[in-house]
Amino acid sequence: MAIEKIKFGTSGWRGVIAADFTFSRVRAVTQAIADHLVAQGLKDKGVVIGYDTRFLSERFAAESVRVFAANGIRSFLSNRDVPTPAVAFEIIRRKAAGGINFTASHNPPEYNGLKFSAAWGGPALPETTKDIEVRANALIDKNSIPLLSLAEAKQKGMVDDVDLRKAYLDDLRKKIDFEPIKKAKLKIAIDLLYGTGRDYLDSALRDAGCAITIVHGHRDPLFGGRSPEPSEENLAELSEVMKKGRFDLGLAVDGDADRFGIVDPDGTYINPNQVLALVLDYLCRTRGWKGGAARSIATTHLIDAVAKKHGIEVYETGVGFKFIGDLLVQGKIIFGGEESAGMTIKDHVPEKDGILACLLVAEMVSSERKTLKDMLKRLYKEVGVILNDRVNIRLTEANHAAVYARLSQPLNEFGGLRVKGKKTTADGTKYMLEDDSWVLMRASGTEPVVRVYVESSSEEQIKELIEAGKKFISGQ
Ligand code: VG1
Ligand code: CO
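As the structure is a prediction and not an experimental result, all values here were calculated from the model.

A word on the pairing of strand 21 (residues 438-443). Among the six residues in strand 21, five count as buried, and that is most of the element. Here strand 20 (residues 428-433) runs beside strand 21; their pairing, made up of three bridges, is antiparallel. When the bridges of strand 21 are listed, Y431 appears paired with V439. Where strand 20 folds back on strand 21, the antiparallel hairpin that results is connected by four residues, among which D435 adopts a positive phi of roughly 60°. Relative to strand 22 (residues 449-456), strand 21 runs antiparallel, the two sharing six bridges. Note that in strand 22 the partner of V439 across the bridge is V454.

Close contact between helix 1 (residues 23-39) and helix 2 (residues 57-70) brings their axes to 9 Å; oriented N to C, the two are set at 45°. In this view, helix 1 runs oblique relative to helix 2, as classed from their interaxial angle. As helix 1 packs across helix 2, the resulting crossing turns out to be right-handed. Contacts from F23, V26, R27, T30, Q31, I33 and A34 of helix 1 reach helix 2 at R59, F60, E63, S64, V67 and F68. Of the residues assigned to the contact of helix 1 with helix 2, the class counts are seven nonpolar, three polar and three charged.

What follows is about the sheet that holds strand 7 (residues 159-162). A sheet is described by the order of its strands in space; here seven strands give the open sequence 1-2-6-5-3-4-7, paired in mixed fashion. Each edge of the sheet is formed by a strand with only one pairing partner; in this case those strands are strand 1 (8-9) and strand 7. Where helix 1 meets the sheet, it contacts strand 1, strand 2 (12-16), strand 3 (47-51), strand 5 (98-102) and strand 6 (111-118), and its direction lies at approximately 5° from that of strand 6.

So, on to the site of ligand 1. Among the 22 residues in the neighbourhood of ligand 1, the closest are listed as T10, K115, S444, T446 and R451. At a separation of 2.4 Å, an oxygen atom of ligand 1 approaches a polar side-chain atom of T10. In this structure, K115 approaches ligand 1 through a side-chain N or O atom, which is 2.3 Å from an oxygen atom. Its residues placed into classes, the shell around ligand 1 shows three nonpolar, nine polar and ten charged.

Here the focus is the nonpolar core. In terms of nonpolar packing, the biggest core is built from 97 residues, with L205, I262 and F335 touching the most fellow members. Considering every element that reaches this core, the biggest residue donor is helix 13 (residues 354-368), with ten residues. With near-sequence residues (within four places) excluded, L205 lies in contact with I181, I188, I190, C210, I212, L251, L359 and A362. The next biggest cluster of nonpolar side chains, apart from the first, holds 38 residues, and it includes A34, L42, F60 and A153.

So, on to the coordination of the cobalt ion (ligand 2). For the cobalt ion (ligand 2), the full set of protein donor atoms is S105 (OG), D254 (OD), D256 (OD) and D258 (OD), and the range of their distances to it is 1.9 to 2.1 Å. Along the chain, the residues that donate to the cobalt ion (ligand 2) are spaced as S-x148-D-x1-D-x1-D. The same class applies to D256 as to D258, namely buried.

Domain parsing of the protein yields domain 1 (13-163), domain 2 (168-383) and domain 3 (387-474). If you average the C-alpha positions of domain 2 and of domain 3, the two centres end up 26 Å apart. Contact residues are listed per partner, giving 17 residues for domain 2 and 13 residues for domain 3. Sorting the residues of domain 2 by area buried against domain 3 places I297, H301 and V319 first, and these three jointly supply 40% of that buried surface. One can count four salt bridges joining domain 2 with domain 3. E316 serves as the salt-bridge partner of K430, at 3.0 Å between the closest nitrogen and oxygen. At the boundary of domain 2 with domain 3, the tally comes to twelve residue pairs in polar contact (both at pLDDT 80 or more).

Conventions used here
- Residues numbered from 1 in each chain as written.
- Chains lettered and ligands numbered in written order.
- Predicted model: local features only at pLDDT ≥ 70, side-chain atom pairs only at ≥ 80, totals over all residues.
- Heavy atoms only, no water.
- Buried < 20%, exposed > 50% of the residue type's maximum accessible area, 1.4 Å probe, protein only.
- Helix = DSSP H or I, 4+ residues; strand = E, 2+ residues; numbered from the N terminus.
- Pairing = 2+ DSSP bridges.
- Axes fitted to C-alpha atoms, helices over the stretch in contact; angles between N-to-C directions.
- Parallel < 35°, antiparallel > 145°, perpendicular 65-115°, else oblique.
- Left-handed = near helix turned anticlockwise from the far one by under 90°.
- Contact = heavy atoms within 4.5 Å.
- Nonpolar A, V, L, I, M, F, W, Y, C, P; charged D, E, K, R; others polar.
- Near = heavy atom within 4 Å.
- Polar contact = N/O pair within 3.5 Å; in protein donor to acceptor, adjacent residues only side chain to side chain.
- Core = buried A, V, L, I, M, F, W, Y, C linked by side-chain atoms within 4.5 Å.
- Donors = N, O, S within 2.8 Å, 3.2 Å for Na, K, Ca; no water.
- Domains from an automatic or database assignment.
- Buried area = accessible area lost by both parts, 1.4 Å probe.
- Salt bridge = Lys/Arg side-chain N within 4 Å of Asp/Glu carboxyl O.

This is how it looks when you write it as structure tokens:
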């Protein structure tokens with residue numbers, strides 16, 4: 001495969017290690033970010049640098065620090081692998097110019113990546129990443145990128161080793177109501193998926209008196225041969241552990257701990273869309289906040305139903321948490337969620353936070369004293385049944401062009417349902433079908449897959465829509 005240009009996707013720049021994601025390209029992107037920060041007049045504020053548990057992540061981070069140092073930009077370098085939301089928190093706390101987390105998040109083990117967060121703490125918006133891309137591509141293969149050794153950088157005071165954990169966890173204590181959790185004395189099983197959530201999520205809950213059993217709590221850059229994504233398939237082992245023991249709740253976070261995964265006591269995986277709707281409903285009932293709710297175009301309309309119940313406005317954004325983060329800092333929303341298991345709330349970081357989401361669910365389960373399944377039944381009774389599903393279909397060099405051509409074909413009917421409206425966006429066209437069902441098909445901006453998202457009010461209809469999506473993508 002030809003080496004591609006550096007391109008930021010839905011969240012950061014990602015590539016296969018040694019092919020696309022190399023030390024020299026990391027140097028070019030860092031130099032581009034340094035130039036961008038100089039142009040913004042932010043040079044003197046310093047940058048927060050973190051990394052995940054992937055192969056070479058800490059080495060890529062160190063390389064980046066060397067480039068920043070040579071540009072006279074000081075780095076606050078994390079002293080261990082770190083969740084992306086903790087980097088976001090530290091940027092805001094230190095009033096830094098921005099930050100980088102070296103992570104490919106939920107991608108397979110052969111990938112690494114970097115997420116650049118702006119001074120406001122959220123994932124950089126397209127205008128910023130565009131500027132960085134242009135600068136970086138002009139620098140590739142140039143030997144002119146300045147570099148200091150780490151020792152020189154330290155000696156010049158250009159790098160501080162910092163702990164990001166304490167301040168972040170202290171802050172979460174103000175945002176989560178730990179009282180009901182302490183009273184409930186929960187038994188919780190946590191799957192850390194070999195990632196950065198270790199000693200963050202489990203510590204917060206242990207401190208609240210919960211009995212914790214951990215699965216995959218050590219670093220494995222191969223992630224046990226899977227992707228560190230807290231999907232139903234990847235949480236099968238957590239579910240088995242829960243079936244064998246007696247637990248009140250199962251929790252998980254992805255590789256960089258910005259996504260959540262939730263499992264009911266009987267081992268049933270709860271779909272993230274349903275978790276988002278339940279938490280929004282819970283927050284509206286308990287926090288008394290005023291403001292809207294944001295969801296991406298691919299995220300469930302169950303959120304809209306909950307918002308309607310509480311009389312709050314809904315904002316629909318493109319895919320990618322940067323757009324939700326932007327609405328949060330503008331003060332427009334009290335809650336934002338994405339179907340891929342992203343969530344944040346008012347006064348918190350404008351970035352998805354899997355640790356916060358898991359703690360909110362623990363709080364909700366403790367104070368409601370119900371399983372998530374029972375809470376869902378209650379919610380469906382109140383606002384109506386809205387179900388959803390998503391499949392990912394692999395893109396190969398062979399099917400790539402044909403699939404893209406099909407994605408832009410207009411539809412009049414889908415899965416036997418008439419198209420009654422459509423919305424065309426940068427993420428493809430979302431087709432509104434009869435019965436308030438809908439379908440969205442789009443190419444991922446993080447992995448070589450096409451995603452088909454469907455929503456409807458019955459299981460049968462969901463199955464039909466998913467089948468129709470698979471057929472449509474494969475050209476049958
Ligand atoms: C996916 C999700 C999107 C999420 C993004 C980053 O993007 O759909 O909701 O914000 O990953 O998540 P895409 O373009 O592949 O569908 V993470 O946990 O990798 O930062
Ligand atoms: Co992630």
